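# Understanding the architecture of this molecule
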Amino acid sequence: MPEFTTVHLAILASLFAAGAVLGWWLRSSRAAREKFAINEGWQEQLDARQAENDRLVEQNKGLMQQVSEYHAVSNDSSNRTRELSATLRDTLAGREELQRRIREARENLGTLAEQRDSLRKELEDGEARRAGQEQALRAKDEKIFRLSRQLSKWQARLPPLVEKFRERDRQAAELQVKLDALQAELDRATNRIAELEVLTRPDETQIEPIDRDDVELLQDASNDQYNETSEPRSGDDLKQIKGVGPAIEKTLNELGIFRLEQIAGISEYDIDRIAERLRGLRSRIYREDWIGQARALLYCESPDPA
């Protein structure tokens with residue numbers, strides 16, 4: 001899996017800032033287009049209503065002129081009342097209809113005036129909101145500018161920090177190599193001390209708990225003491241069990257343990273007797289699974305290396 005560094009994070013931050021600026025610009029353009037479309041719609045409605053108002057005014061003038069003409073005709077036709085009575089009634093009816101239309105026109109004019117005021121107020125509110133949005137956009141622009149400057153400063157500071165981190169990492173790796181070498185030398189010295197203790201005090205052998213990787217070194221050290229000229233023992237070769245060297249085998253023989261069957265069925269009492277002679281051997285018996293290895297050897301199976 002690739003390792004993310006500060007350079008990668010800086011590149012991701014730059015891309016994020018560029019995406020934010022591009023999104024802000026697209027959103028501003030879309031908001032401007034929507035506002036322009038809304039303003040055009042409002043303007044068209046105002047123009048349509050103004051045209052309707054002018055038409056009604058002209059119609060009202062025509063109606064008033066007709067009423068004046070009807071009055072003139074009525075005054076001029078006073079001598080022909082009987083002949084024109086029907087016409088006069090029709091004219092009066094038409095006048096009432098015209099008056100009704102005039103009232104409706106006046107009511108429509110009042111409604112149009114209210115709508116015009118409402119639209120004017122909405123237009124003023126829209127201008128106020130637009131001014132607030134422009135102010136907010138300016139504030140965002142200033143914030144983006146400050147962030148871009150801070151990002152530039154961090155980008156200038158990152159390369160030295162990365163180089164310093166790499167140098168520290170290299171020094172730490174060198175120190176770890178030296179530490180591993182010293183630890184290996186310390187382990188070898190500890191194992192050598194244990195071997196010398198076994199060689200110098202065979203009758204009072206004390207075995208400290210050691211790692212499995214050091215078992216072979218202990219066996220080799222024990223084999224140096226008991227070579228092929230030693231007296232042959234009766235019973236099984238207990239050294240077949242991993243973790244049992246010549247010194248431990250001799251101690252087991254002194255305690256009356258000569259065969260694999262005895263280790264395969266060893267009791268807690270026998271383990272306590274062995275632990276009294278060889279300090280630390282109790283944990284090794286369980287850790288290295290001597291009982292399981294002995295049983296595996298008895299049934300011609302390979303001992304478990306675990």
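Structure report, in brief. Throughout, a residue's number is its position along its own chain's written sequence, starting from 1. Totals for whole chains, interfaces and linings use all residues, but because this is a predicted model, local features are given only for residues with pLDDT of at least 70 and pairs of side-chain atoms are given and counted only at 80 or more. Each side-chain value is derived from all of the structure's non-hydrogen atoms; neither hydrogens nor water enter the calculation.

## Topic: the overall build of the protein chain
When you go through the protein chain residue by residue, the secondary structure sums to eight helices and zero strands. Type-normalised accessible area, obtained with a 1.4 Å probe on protein chains alone, sets the label of each residue: buried when under 20%, exposed when over 50%, and partly exposed for intermediate values. Here the protein chain holds 306 residues, and the buried ones make up 20% of them. When contacts within the protein chain are restricted to residue pairs at least 6 apart in sequence, those whose partners lie at least 24 apart make up 61%. In the structure as shown, the protein chain presents an accessible area of about 22500 Å², 55% of it carried by carbon and sulfur atoms. Starting at the N terminus, helices and strands are each numbered in turn, a helix being any DSSP run of H or I of at least four residues and a strand any DSSP run of E of at least two. Contacts were defined at the residue level, with two residues in contact if any of their heavy atoms lie within 4.5 Å. Using a 1.4 Å probe, accessible areas were evaluated by the Shrake-Rupley method; residue-level cover was limited to the displayed protein chains.

## Quick notes on a nonpolar patch on the surface
Each patch groups residues whose relative accessible area exceeds 30% and which form no salt bridge, using 9 Å between like charges and 5 Å between nonpolar side chains of Val, Leu, Ile, Met, Phe, Trp and Tyr. Take a side-chain nitrogen of Lys or Arg and a carboxyl oxygen of Asp or Glu: if they are within 4 Å of each other, that pair is a salt bridge. A cluster of nonpolar side chains, Val7, Leu9, Ile11, Leu12 and Leu15, forms an exposed patch at the surface whose accessible area comes to about 470 Å². Along the chain, valine 7 turns up in helix α1 (residues 6–76).

## Structural notes on helix α8 (residues 290–298)
Those residues of α8 that fall on the buried side of the exposure criterion are Trp290, Ile291, Gln293, Ala294, Ala296 and Leu297. Those residues of α8 that are buried lie in contact with α4 (246–254), α5 (260–264) and α7 (281–287).

## Focus: unusual backbone geometry
Here the phi dihedral of aspartate 289 falls at roughly 55°; this positive angle occurs in a residue that is not glycine. In this structure, aspartate 289 sits in the loop between α7 and α8.

## Topic: the pattern of salt bridges
Within the structure shown, the criterion is met by 16 salt bridges. Note that arginine 170 and glutamate 174 form a salt bridge whose closest N and O atoms lie 2.6 Å from each other. Of this pair, arginine 170 and glutamate 174 both sit in helix α2 (residues 85–200), separated by four residues, roughly a single helical turn. Residue arginine 170 is classed as partly exposed on the basis of its relative accessible area of 40%. On the accessibility criterion, glutamate 174 (39% relative accessible area) is partly exposed. Through salt bridges with shared partners, one network takes in Glu97, Arg100, Arg101 and Glu104.

## Regarding helix α6 (residues 268–277)
In an α-helix, one turn spans 3.6 residues, which is why side chains three or four residues apart end up on the same side. Along α6, the residues classified as buried are Asp270, Ile271 and Ile274. Buried residues in α6, looked at end-on, bunch into an arc of 100°, giving them a common side. What points out from α6, more than 90 degrees from its buried face, is the exposed set Tyr269 and Glu276. Buried-residue contacts for α6 involve α4 and α7. Directions are taken from the helix axis to each C-beta atom, and the arc is the one they span.

## Overview of the nonpolar core
Among soluble globular proteins, nonpolar side chains are generally buried collectively. One finds Ile241, Leu252, Ile263 and Trp290 to be the most contacted residues of the largest nonpolar core, which totals 20 residues. When contributions to this core are tallied by element, the ones reaching two or more residues are α4, α5, α6, α7 and α8. No other element matches the four residues that α8 contributes to this core. Among residues more than four places away in sequence, those in contact with isoleucine 263 are Leu238, Ile241, Leu252, Ile257, Trp290, Ile291 and Ala294. Among the buried residues, those of types Ala, Val, Leu, Ile, Met, Phe, Trp, Tyr and Cys that are joined through side-chain atoms within 4.5 Å form a nonpolar core.

## Re a positive patch on the surface
For this count, His and the chain ends are skipped, Lys and Arg are scored as positive, and Asp and Glu as negative. By convention, charge coordinates are those of NZ in Lys, CZ in Arg, CG in Asp, or CD in Glu. A cluster of like positive charges, contributed by Arg27, Arg30, Arg33 and Lys140, occupies part of the molecular surface. Here the element with the most residues in the positive patch is α1; it accounts for three residues. Structurally, the position occupied by lysine 140 is in helix α2. Taking the relative accessible area as the measure of exposure, lysine 140 reaches 43% and is therefore partly exposed.

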